[in-house]
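Here's the letter readout for the chains.
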Amino acid sequence: MTITFEPPADFDYSIESPRYGAYQGINPRAGLQEARALIEHAILHQPRSLQKRIGPSEIGTPCDHCLAAKLAGWPSTEKDVPWLPFIGTAVHSALEDMFINHEIHRNAINTTGLRYLGEHRTMVGQIDGEDIWGSVDLTDLATGMTVDWKIVGKTTLDAARRGPSEVYRAQAHLYAKGLCDEGFDIRHVSIAYLPRNAMSLAQAVWWTEPHNRAVAENALARANRFALNIRALRTIGQEAVDGWITNLPRYANCRDCERFPDYKPQARDDEFSDLARK
Ligand code: SF4
């Protein structure tokens, strides 16, 4: 594999650089391998993959182990390049462009004012004294509503018809809280579950409910309790923190737990077995 990600260290910038690279006779299969390596490198190094601090999308998880591990800054190792999340990120980016272009086209900023805000950054609250920021996929000021895009497969889409998971619901209300704290008049939250592999948007699920600040505050309060516990245990030592987290209950049937360093198949318990994974 010959692909490099940095400029050549010995390049002489005083000469005029060639506009196009020369044919090098690279084997086509090797060329494709390099293209794949470039894609995987980019995915693994995009901000979402590198994010270490807990974000609004994780604060409301009902899994105690996951919340504590994230708050304690545990490393999590992806088993593979996160291709499905990348598809989600790419669709988010395209949707953002659509709404921004719509507002530019109608010159909203110089006439009626913006109706739509794409990927507006907002501070949803604090955990252990630290500001927690997130990016709201879409804010519709005319409706007073946040919209969270979820690009999902059939299983999640089917589950979404029964309502959102706790973690998605908390995320939506955290964003709305952040916007309200900024002074925006937000009265509703919504989640648009867009099918990743259906032929049309007819399969999408559009969920909404009135903004309930208490959902956001309760999620933050729980996270703060966990963070305080972690802080107290750190005074004893990192082993005390790790031991506490390892013994916390986990979601049954969650397929992602291998990414944490303490994963052992037999360490699972059924504490949350009554909670259907949505
Ligand atoms: S069971 Fe799932 S939600 Fe819980 S810690 Fe493991 S990966 Fe996270």
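Residues numbered from 1 in each chain as written. Predicted model: local features only at pLDDT ≥ 70, side-chain atom pairs only at ≥ 80, totals over all residues. Heavy atoms only, no water.

Caption draft 1: Main features of the site of the ligand. All residues adjacent to the ligand are Cys63, His65, Cys66, Arg250, Tyr251, Cys254, Asp256, Cys257, Arg259 and Phe260. Residues belonging to the shell around the ligand are distributed by class as follows: six nonpolar, one polar and three charged. (Near = heavy atom within 4 Å. Nonpolar A, V, L, I, M, F, W, Y, C, P; charged D, E, K, R; others polar.)

Caption draft 2: Broad picture of the packing of helix H4 (residues 64-71) against helix H9 (residues 238-246). Orientation of H4 relative to H9, taken along the N-to-C sense of each, is 155 degrees, at an axis distance of 9 Å. In terms of axis orientation, H4 runs roughly antiparallel to H9. For the pair formed by H4 and H9, the contact residues are His65, Ala68 and Ala69 on the first element and Trp244, Ile245 and Thr246 on the second. Its residues assigned to classes, the contact of H4 with H9 shows four nonpolar, two polar and no charged. (Axes fitted to C-alpha atoms, helices over the stretch in contact; angles between N-to-C directions. Helix = DSSP H or I, 4+ residues; strand = E, 2+ residues; numbered from the N terminus. Parallel < 35°, antiparallel > 145°, perpendicular 65-115°, else oblique. Contact = heavy atoms within 4.5 Å.)

Caption draft 3: Structural view of the packing of aromatic side chains. Scanning the model with the defined rule gives seven aromatic pairs in all. Considering the side-chain rings of Trp83 and Phe86, the 5.3 Å spacing of their centres and the 35 degrees angle between planes classify their relative orientation as tilted. Of this pair, Trp83 and Phe86 both sit in helix H5 (residues 83-105), three residues apart, which is roughly one turn of the helix. Taking relative accessible area as the criterion, Trp83 reaches 45% and is therefore assigned partly exposed. Ring centres of Tyr168 and Tyr193 lie 6.1 Å apart, and the angle between their planes is 45 degrees; on these two criteria the pair is classed as tilted. Taken together, the residues span a long stretch of sequence, with Tyr168 in helix H7 (residues 166-182) and Tyr193 in strand E4 (residues 188-195) at a distance of 25 residues. What makes Tyr193 buried here is its relative accessible area of 1%. (Phe/Tyr/Trp six-rings, centres within 6.5 Å; stacked < 30°, edge-to-face > 60°. Buried < 20%, exposed > 50% of the residue type's maximum accessible area, 1.4 Å probe, protein only.)

Caption draft 4: Quick peek at the packing of helix H8 (residues 213-234) against H9. The N-to-C vectors of H8 and H9 enclose an angle of 140 degrees; their axes lie 7 Å apart at closest approach. As the angle between them shows, H8 and H9 are arranged oblique. Two secondary-structure elements touch here, H8 through Phe226, Asn229, Ile230, Leu233 and Arg234 and H9 through Gln238, Ala240, Val241 and Trp244. Residues that form the contact of H8 with H9 fall into these classes: six nonpolar, two polar and one charged.

Caption draft 5: Structural view of the environment of Gly243. Of note, Gly243 is situated in helix H9. On the accessibility criterion, Gly243 (30% relative accessible area) is partly exposed. Taking the C-alpha atoms as reference points, Gly243 and Val167, separated by 76 residues in sequence, lie 25 Å from one another.

Caption draft 6: Broad picture of a nonpolar patch on the surface. Taken together, the side chains of Ile39, Trp83 and Leu84 present a nonpolar region at the surface, about 300 Å² in accessible area. Tracing the backbone through its elements, the reader meets Ile39 in helix H1 (residues 28-44). (Patch = residues over 30% accessible without salt bridge, like charges linked within 9 Å, V, L, I, M, F, W, Y side chains within 5 Å. Areas by Shrake-Rupley, 256 points an atom, 1.4 Å probe, with all protein chains shown as cover. Salt bridge = Lys/Arg side-chain N within 4 Å of Asp/Glu carboxyl O.)

Caption draft 7: The arrangement of the environment of Tyr168 in detail. The partly exposed category is assigned to Tyr168, whose relative accessible area is 21%. Taking the C-alpha atoms as reference points, Tyr168 and Pro56, 112 residues apart in sequence, are found 9.1 Å from one another. If we ignore the near neighbours within four places in the chain, the residues touching Tyr168 are Lys150, Ile191 and Tyr193.

Caption draft 8: A look at the pattern of salt bridges. According to the stated counting rule, one finds 16 salt bridges in the structure shown. A salt bridge links Lys70 to Glu58; the shortest N-O distance between them is 3.3 Å. One end of the pair, Lys70, is in helix H4; the other, Glu58, is in helix H3 (residues 56-59), and twelve residues separate them in sequence. For Glu58, a relative accessible area of 24% gives the class partly exposed. A salt bridge links Asp140 to Arg115; its shortest N-O distance comes to 2.8 Å. Of this pair, Asp140 sits in strand E2 (residues 130-140) while Arg115 sits in the loop between H5 and strand E1 (116-127), and the two are 25 residues apart along the sequence. Salt bridges here are not isolated pairs; linked through shared partners, they connect Lys177, Asp181, Arg213 and Glu217.

Caption draft 9: Here's a closer look at the nonpolar core. One finds Ile54, Ile59, Leu71, Ile127, Tyr193 and Ile245 to be the most contacted residues of the largest nonpolar core, which totals 40 residues. Ranked by the residues each element gives to this core, the list is headed by H8, at eight residues. When neighbours within four sequence positions are excluded, Tyr193 is seen to be in contact with Lys150, Val152, Thr156, Leu157, Ala160, Pro164, Ser165, Tyr168, Ala204, Val205 and Trp207. (Core = buried A, V, L, I, M, F, W, Y, C linked by side-chain atoms within 4.5 Å.)

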